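# Structure assessment
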Amino acid sequence: MSNSTTNDTLAKARIAVLGYGSQGRAHALNLRDSGLDVVVGVRKGGPSWEKARAEGFTVAEPGEAVKGADLVAVLTPDMVQAKLYKESIEPNIKVGAALLFAHGFNVHFKRIAPRDDIDVILVAPKGPGALVRTEYERGRGVPSIWAVHQDVSGQAEAKAHAYANGIGGGRAMLIKTDFKEETETDLFGEQAVLCGGASSLVQAGFETLVEAGYQPEIAYYEVLHELKLIVDLFYEGGITRMLEFISETAQYGDYVSGPRIVDAATKERMKGVLKDIQDGTFAKNWIAEYEAGLPNYKKFKQADLEHPIEVVGHKLRARMPWLHPDTAKPAEALKKAG
């Protein structure tokens, strides 16, 4: 399934993909299916080593994978990248090769200072690895953003485009950015809206209903379960599509009550979150937390896992077999069990 839009820039290149998680696996498979030469670099003996080998890749320890590679894609978790660069990439990456990231955190916050004789680029699909893979297999792609941080070869932009094409991004849309913009907007989106904002809003809504005497099960459905329906509409066609599919009563409630919940004060606090990201406060705190063994992280995570909405949700989801179609029992079995 050779991808003709992957031009000669990487046609004869050796690409080392470091990491074989969600994104790493998708990138490696898509690049290979685009006719490119891929080696996977992971720790020997781990589950990723065997998985990549089983899927037909040449697999090597990271340092060995980097040697001789023309492009090295770093697709490991943020907090292990600085050590990986120091131990496996910096001593082995050849002059003029390209070092590629899917998130600019470590370069932007100067945890990694790339050698000045290599290209440094970024390609980030705007979707999870599973979607990157399935869209590619369908002959489509996931929109991707790209950036050049350091251009030594004079071909850094071409390499970024060729890589993005190789994983299918060029079939959809490529948007130019820089490491600063990608890093800061990505962190802000996660913290203020997608993860931090959304989960806190859901928890607060659940608590408000339960504290007012409503059944936890009803509260769960109203503030968490049905959120997917709204988000799907956002995803398909923005706020416009959401308004097309909800009732006039829901629309009116949206207009008069939404601004009471997320108001000017909320926006000011969002600006505070953004400022902490921009000036490095968040990065400094997160790095210190990681290096201390994640004591607060573990405490916060446990509190979320033990929140009453999770306790209730666990019981309710057990009665929704459509959420896990692969493990759903046939109707006959349910009758006998019932």
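Provided above is the structure to which this section pertains.
I will try to describe carefully the structure that is included in this document. Just so you know, these numbers come straight off a predicted model, no measurement behind them. (Residues numbered from 1 in each chain as written. Predicted model: local features only at pLDDT ≥ 70, side-chain atom pairs only at ≥ 80, totals over all residues. Heavy atoms only, no water.)

So, on to the side chain of Q251. Positionally, Q251 belongs in helix α13 (residues 248–261). Residue classification places Q251 among the buried residues on the basis of a relative accessible area of 19%. Contacts of Q251, omitting those with residues within four sequence positions, involve L243 and I246. (Helix = DSSP H or I, 4+ residues; strand = E, 2+ residues; numbered from the N terminus. Buried < 20%, exposed > 50% of the residue type's maximum accessible area, 1.4 Å probe, protein only. Contact = heavy atoms within 4.5 Å.)

So, on to the packing of aromatic side chains. The geometry of an aromatic ring pair comes down to the distance between the two centres and the angle between the two planes. In total, this model carries six aromatic pairs according to the counting rule given. For the pair F101 and F179, a centre-to-centre distance of 6.5 Å together with 80° between the ring planes defines the contact as edge-to-face. One end of the pair, F101, is in strand β5 (residues 98–101); the other, F179, is in helix α9 (residues 179–194), and 78 residues separate them in sequence. By the ring-pair criterion, three or more aromatic residues cluster together here, those being W286, Y290 and Y297. Over the face of the ring belonging to F57 we find R32, whose NZ or CZ atom lies 4.0 Å from the ring centre. R171 extends its terminal NZ or CZ atom over the ring of Y136, reaching a point 4.1 Å from the ring centre. (Phe/Tyr/Trp six-rings, centres within 6.5 Å; stacked < 30°, edge-to-face > 60°. Lys NZ or Arg CZ within 6 Å of the ring centre and 35° of its normal.)

Let's shift gears to a nonpolar patch on the surface. Among the surface-exposed residues, L227, V231, F234 and I239 lie close enough to one another that they form a single nonpolar patch of about 340 Å² accessible area. Given a relative accessible area of 56%, I239 falls into the exposed group. (Patch = residues over 30% accessible without salt bridge, like charges linked within 9 Å, V, L, I, M, F, W, Y side chains within 5 Å. Areas by Shrake-Rupley, 256 points an atom, 1.4 Å probe, with all protein chains shown as cover. Salt bridge = Lys/Arg side-chain N within 4 Å of Asp/Glu carboxyl O.)

To continue, consider the environment of I175. Inspection of the secondary structure puts I175 in strand β8 (residues 174–176). Classification of I175 as partly exposed rests on a relative accessible area of 40%. C-alpha separation for the pair I175 and A124, spaced 51 residues apart in sequence, amounts to 9.8 Å. Not counting chain neighbours up to four residues away, the residues in contact with I175 comprise S144, I145 and W146.

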